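# An overview of the molecular structure
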Amino acid sequence: MKVTINEKEFELDDCTTLEEALQQANVRTQGIATALNNKVIPAASRAKTILKEGDSVTVITAFYGG
């Protein structure tokens, strides 16, 4: 199935979880927020959230600056 992560398309197996997709996309999962189809997914739910064809994942990384 095709899923978009931060506007980049990935081909993933059916029944892939959000956590697995982030690993396959080489996304560090600490210190990030994730949204699936514009709905925030808590870190504790990533391993239980199954992705579907056409889903869009947004990863937001916190950074310091000023």
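Below or above, wherever it landed, is the structure these notes cover. Just so you know, these numbers come straight off a predicted model, no measurement behind them. (Residues numbered from 1 in each chain as written. Predicted model: local features only at pLDDT ≥ 70, side-chain atom pairs only at ≥ 80, totals over all residues. Heavy atoms only, no water.)

What follows concerns the sheet that holds strand β2 (residues 8-11). Hydrogen bonds along the backbone pair up the strands of a sheet, which may run parallel or antiparallel. Taken together, the five strands give an open sheet; going across it, the order is β2-β1-β5-β3-β4, and neighbouring strands pair in mixed fashion. Each of the sheet's edge strands pairs with one partner strand only, and the pair in question is β2 and β4 (39-41). Across this sheet, the average inter-strand angle for adjacent strands is 30°, counted without regard to direction. By the bridge criterion, five bridges tie strand β3 (residues 32-36) to strand β5 (residues 56-61) in an arrangement that is antiparallel. (Pairing = 2+ DSSP bridges. Helix = DSSP H or I, 4+ residues; strand = E, 2+ residues; numbered from the N terminus. Axes fitted to C-alpha atoms, helices over the stretch in contact; angles between N-to-C directions.)

What follows concerns the environment of A21. If you trace the backbone, A21 turns up in helix α1 (residues 18-24). For A21, the residues in contact, after removing those within four places along its chain, are I5, L12, T16 and L51. (Contact = heavy atoms within 4.5 Å.)

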